[in-house]
Amino acid sequence: MDDSALLQPSADVAIIGAGPQAMSLVIQLLENDCESRFSDSERSRLRFWTQKNSSVAATPTPSAVAKPRIVVLDPSNSWMKRWEQNFNTLAIPHLRSPVRFHPGALSESLIEFATQQGRQDELCDHSEFDDLRKTFRKKRKTGNISLFNEVDRKYFSFPSRELFEDYCRDVVKKYKLNDYLLPCKVLSIDVNSDDTLNLHVTGTGGEGILHCHRVVYAANIGIPRLPTFISSRFGAAEATVFRAEQKFGNFTCLPAGFSWALDESQELKSLLENSAPSSLRIAVVGAGMTAAHKIIKLKGTPSVAKIMMLTRKQIAIHQFDSDAPWSSRLQNLYRHDYFKRDFPGRAELYRQVRRPGSMTSKMCAQLLPLEEAGALSTVQTVVQSYEYSSETSDGVARRKIVLNLLGDQKEEFDAVILATGADYNVNADPLLSSLIEHYNVPIHSGLPEIQPTLKLAHEANVYVMGVYAALQVGPDALNISGGRRSSSIIADHIHETLTISEGQLADCVEEYCTGNPFSVLDC
């Protein structure tokens, strides 16, 4: 789609962002039947018998379901561009999410794609699966149910980055998803008197306004977390400017010599490329998966001699970025408990279940040889402040960064890389914050109290996916697994609004979505 689309009068659905979750939603909107209607096995049987006997009446067919006019807004004009850049920046070899989590319609389609391509060897075996089985099998003696069994093994392999990217490209081709892309950035969203929306956008063809009936926010852009030892050096005005620029993805205002792990500065790139072999000493602040991947990549750089990983706490080992039971075959029992809570209670449990700043045991094992060889040292400490010094070598002055640690310890580095994670607070989001205020949406620990349909408010035509849907989707809302469920909920609701009058909608959709979706487990 070219920039002339900016002149089109309207779209039924405008999706902001072109990542895995947005891809999953577009597929659900285009699918013959919504995924929430059928299980994977039911969908497979339905398609088999429909193809085998054309006289079989299939529930919702392409002609029976109203297809919305869709536009996907992303500055890159490419699907999953930022996702791929992050993986390339860190040289991540395989995903942390199990193989059943992907943007496609069927859970097993990635396994089938690997089999068809003869690439089963790119499905990395979950080396800790046996440990998970043993851990939870012990609970049977106390009357509890095992959360993992041998049947689950094939679902706990991890696709390589290349396999996952090729699968997503195949999905893009299959559904012709590039036809829905519009290369532009959304600057703001205005609500009209009839509850339709105007999106102020800018692209290569200039600025314009796109009128649409519904907006789905699927950008999931967090604000990089700035350590206190840096933010404390800013004045009030500078700190305000810094936070404002971070909202729009501008990472240029870090002090000299510092760089984000996911957005390397040109200064760092030049330093790594042009320095003499084994001449640099690098600090990595943080001890999660991002830090671990960055360290492994840095050690493969000829100019890097030693790396120090600085962490405030002991390294946490978790196989997933949320507690393991939430990925087990009994995950619905845990979701049932989640949805029984009020919204503040869900927000509290969300923070407890999420495991930011953790790494897998396999990744931790890859760091051990570096420590044994003296190339990596891990220090549990707090960085209190920093200062600069200079060193002259071969007649050339070089700036050094001195980090002041606990106990009057000082460490000198050529560069400091921040792998300190990101914050998600809807009040700080440049697009959603004004809508939150407009619809007076309650906020709990930075998460909005949205509707069961994932709309910001009952009268709003704005849906959210990703982390800001967590209070209605679950702790994995930010992940691909949560994106699949979010896609089904939103696609169901949009299909209903396109085929049923608003009066009927209140009875057949809103009532269905209200309450604990897992309440049947009370029986």
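See the structure shown above.
What you see is a predicted model; the values in this text were computed from it and never measured. (Residues numbered from 1 in each chain as written. Predicted model: local features only at pLDDT ≥ 70, side-chain atom pairs only at ≥ 80, totals over all residues. Heavy atoms only, no water.)

Trainee: Can you help me understand helix α12 (residues 343–353) in this one?
Mentor: Residues lying three or four places apart along an α-helix face the same way, a consequence of the helix completing one turn every 3.6 residues. For α12, the full list of buried residues reads Phe343, Gly345, Arg346, Ala347, Leu349, Tyr350 and Val353. Contacts made by the buried residues of α12 are with α11 (331–340), β21 (443–444), β22 (447–448) and α15 (470–473). In this structure Asp342 caps α12, since a side-chain oxygen of it lies 2.8 Å from the backbone nitrogen of Gly345. (Buried < 20%, exposed > 50% of the residue type's maximum accessible area, 1.4 Å probe, protein only. Helix = DSSP H or I, 4+ residues; strand = E, 2+ residues; numbered from the N terminus. Contact = heavy atoms within 4.5 Å. Polar contact = N/O pair within 3.5 Å; in protein donor to acceptor, adjacent residues only side chain to side chain.)

Trainee: Explain the sheet that holds strand β15 (residues 376–380) here, please?
Mentor: Strand pairs in the sheet, formed through backbone hydrogen bonds, run parallel or antiparallel to each other. What the 5 strands build is an open sheet, ordered β10-β19-β11-β12-β15; its pairing is parallel. A strand with exactly one partner marks an edge of an open sheet, and here the two such strands are β10 (258–260) and β15. Going across the sheet, the axis of each strand differs from the next one's by a mean of 25 degrees, ignoring polarity. Bridge count between strand β12 (residues 304–311) and β15: 5 bridges; the pairing is parallel. Each residue of the ladder has a partner; that of Leu310, found in β15, is Val379. Of the strands in this sheet, β10, β11 (280–285), β12 and β19 (415–418) touch helix α9 (residues 266–274), which is tilted by about 130 degrees from β19. (Pairing = 2+ DSSP bridges. Axes fitted to C-alpha atoms, helices over the stretch in contact; angles between N-to-C directions.)

Trainee: Help me understand the pairing of β12, please; the structure alone is not making it clear to me.
Mentor: Note on strand geometry: in a regular strand, side chains alternate between the two faces of the sheet. Most of β12 is tucked away, with 6 of its 8 residues classed as buried. Note: β11 against β12, 6 bridges, orientation parallel. Bridge pairing in β12 links Leu280 to Val304. Crossover β11 to β12 through helix α10 (residues 289–299) is right-handed. (Right-handed = clockwise from strand over helix to strand, strands pointing away.)

Trainee: Teacher, can you tell me more about the pattern of salt bridges here?
Mentor: Any two side chains of opposite charge can pair, given that their charged atoms come close. As enumerated under the stated definition, the model contains 16 salt bridges in all. The closest approach of N and O atoms between Lys294 and Glu264, which form a salt bridge, is 2.3 Å. With Lys294 in helix α10 and Glu264 in the loop between β10 and α9, the pair connects residues that are 30 residues apart, well separated along the chain. In terms of burial, Lys294 and Glu264 fall into one category: buried. Each of Glu84, Arg119, Glu122, Glu165, Asp166 and Arg169 takes part in a single network of salt bridges with overlapping partners. (Salt bridge = Lys/Arg side-chain N within 4 Å of Asp/Glu carboxyl O.)

Trainee: Would you mind going over helix α13 (residues 361–372) with me for this structure?
Mentor: For α13, which comprises 12 residues, the first-to-last C-alpha distance of 17 Å matches the rise-based estimate of 16 Å (1.5 Å per residue) to within 8%. Every buried residue of α13 is accounted for by Met363, Cys364, Leu367 and Leu370. Down the axis of α13, the sector holding all buried residues measures 105 degrees, keeping them to one side. Looking at the buried residues of α13, the elements they touch are α10, β12, β13 (316–317), β14 (358–359) and β15. Gly374 sits one or two residues past α13 and shows a positive phi near 80 degrees. (Expected span 1.5 Å × (residues − 1). Arc of directions from axis to C-beta.)

Trainee: I'm lost on the packing of helix α4 (residues 109–116) against helix α6 (residues 161–175) in this one. Help?
Mentor: When two helices pack together, their arrangement is captured by the angle between the axes and the distance separating the axes. Following both chains from N to C, one finds α4 and α6 inclined at 100 degrees, their axes separated by 10 Å at the closest point. Between α4 and α6, the angle is such that the two are roughly perpendicular. Taken together, the residues of α6 that come into contact with α4 (itself represented by Ser109, Leu110, Phe113 and Ala114) are Leu163, Phe164, Asp166, Tyr167 and Asp170. Residue classes in the contact of α4 with α6 are distributed as 6 nonpolar, 1 polar and 2 charged. (Parallel < 35°, antiparallel > 145°, perpendicular 65-115°, else oblique. Nonpolar A, V, L, I, M, F, W, Y, C, P; charged D, E, K, R; others polar.)

Without other data, these values stay purely geometric and don't point to any function.
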